[in-house]
Each structure stands twice: as C-alpha cells, then as structure tokens.
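Structural characterization, general
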Amino acid sequence: PRCRCSCREEKMLHLARAASRGAAAVVARPTTHQLAGFQAYPRLFSDDLLSKFDTSHHVPPRHHTEMDGIVVSDKMQKTINVAVTRYRVVPKYNKRQRYTRKFMAHDEDEECRMGDRVRIKMSRPISKKKRFSFVRILERGQSL
C-alpha cells in the first residue's frame, strides 16, 4: 500500500521502515529529495539503512569555512564584528570586483581589539546574527 502522509518526516520514516522490512514497493534508488531527507533527519534512520545509499555526492563541499578579516567593532560583550574583504569575478567584464562583508564572531576571552587582523571560522549558530567563532589573532592593530 502507498503511503498518503502529508508530512515529509512521516513520508521519510515510512520509506525507511519499508526499506528495512525489504518491501518491494520501495524504489531501490532514492531521489535527491529523499536523500536530503535522510541527511536532514539522521536520528530517524538506522546506520545500516543509511549505508545502503551513498549520499556523499549530494552534499556540496563547504568553502570559506575560515576567513581572515579586520576587527571593526569590539563594543559588544564576547562578540567582535569582523570585516572580511573578498573578490569575485564579474562574468560580463571578466574583472575582479572587491567587496567587503561584516561578520559577527564569538570572542570568548575578549582578547581582540579594533584594528586587529583575525581569523574566524564557521560554527554553530550562537545567536541570531552570530555564526562564526574567533580562532586567533594574526596581527595586532595600531593602538590609538
């Protein structure tokens, strides 16, 4: 019998249970959306079930997990604002364009000061806008 669940989690759970029973109704090769469901809800599925499907080629590699920038604000508690300058190529003109983005980073020991060159890395969400954590100081800025 086909599952008529409206909820995506229920569909994925039903698919996993049917696959573990060896049901013939289950498609042998899951779709990309089903694989995304396996990755989004890993606790719903057993390891032997997940090992049947190779999901490694569906997960894009993470670039820019660590970035270097300059601290532009240290006025918040245990938080620094880091300006990271990067370049992107404009396809129409095939020229590099410089752009700067500011990221909030967690600085547990509050050792960074304005003007320092620092390295930050991706981390779990710490607050609404803070998704990076401070790694180390690369170069101390000029003290004013």
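Note: the structure precedes this text.
Now for a description of the structure that goes with this document.

Each value, and the rule that gives it
- Residues numbered from 1 in each chain as written.
- Predicted model: local features only at pLDDT ≥ 70, side-chain atom pairs only at ≥ 80, totals over all residues.
- Heavy atoms only, no water.
- Helix = DSSP H or I, 4+ residues; strand = E, 2+ residues; numbered from the N terminus.
- Buried < 20%, exposed > 50% of the residue type's maximum accessible area, 1.4 Å probe, protein only.
- Areas by Shrake-Rupley, 256 points an atom, 1.4 Å probe, with all protein chains shown as cover.
- Pairing = 2+ DSSP bridges.
- Polar contact = N/O pair within 3.5 Å; in protein donor to acceptor, adjacent residues only side chain to side chain.
- Contact = heavy atoms within 4.5 Å.
- Axes fitted to C-alpha atoms, helices over the stretch in contact; angles between N-to-C directions.
- Core = buried A, V, L, I, M, F, W, Y, C linked by side-chain atoms within 4.5 Å.

Now for the overall build of the protein chain. The number of helices and strands found in the protein chain is three helices and five strands. Beginning at the N terminus, the succession of helices and strands in the protein chain can be written as α-α-α-β-β-β-β-β. A total of 144 residues make up the protein chain; the buried ones form 25% of that total. When the accessible surface of the protein chain is summed, it comes to about 11100 Å², and 50% of that surface belongs to carbon and sulfur atoms.

Here three bridges tie strand β3 (residues 95-106) to strand β5 (residues 130-139), and the two strands are oriented parallel to one another. Across the sheet, M104 pairs through a bridge with K130, a residue of β5. Pairing between strand β4 (residues 117-122) and β5: six bridges, direction antiparallel. Bridged to V118 within β5 is I137.

The next thing to look at is the pairing of β4. Pairing between strand β1 (residues 66-76) and β4: five bridges, direction antiparallel. Note on β4: the bridge partner recorded for M67 is I120.

Moving on: the side chain of D116. With respect to the helices and strands, the residue D116 is situated in the loop between β3 and β4. On the basis of relative accessible area, D116 is assigned to the buried category, the value being 2%. Here G141 takes part through its backbone nitrogen, which lies 2.8 Å from a polar atom of the side chain of D116. Setting aside chain neighbours within four positions, we find D116 in contact with G69, I70, V71, E111, I137, E139, R140 and G141.

Here the focus is the sheet that holds β1. Pairing is mixed around the closed barrel formed by five strands, whose spatial order is β1-β2-β3-β5-β4. For this sheet the average axis-to-axis angle between neighbouring strands, irrespective of direction, equals 50°. Here β1 pairs with strand β2 (residues 79-90) via four bridges, running antiparallel. Across the sheet, the residue bridging to I70 is A83, located in β2.

Quick look at the nonpolar core now. With 12 residues, the main nonpolar core is built from M67, V71, I80, V82, V84, F103, A105, C112, V118, I120, F132 and F134. Every element with two or more residues in this core is listed here: β1, β2, β3, β4 and β5. With three residues, the top contributor of residues to this core is β2. Excluding residues within four positions of it along the chain, F134 makes contact with I80, A105, H106, D107, E111, C112, V118, R119 and I120.

What follows concerns the side chain of S73. Of note, S73 is situated in strand β1. The exposure class assigned to S73 is buried, which follows from its relative accessible area of 16%. The residues touching S73, leaving out its near neighbours within four places in the chain, are T79, I80, N81 and M114.

If a residue is not glycine, its phi is most likely negative; likewise, a peptide bond is most likely trans. For K78, which is not glycine, the phi dihedral falls at a positive 55°. The partly exposed category is assigned to K78, whose relative accessible area is 35%. With a phi close to 55°, N94 is a non-glycine residue in the positive phi region. If you trace the backbone, N94 turns up in the loop between β2 and β3. A relative accessible area of 62% means that N94 is categorised as exposed.

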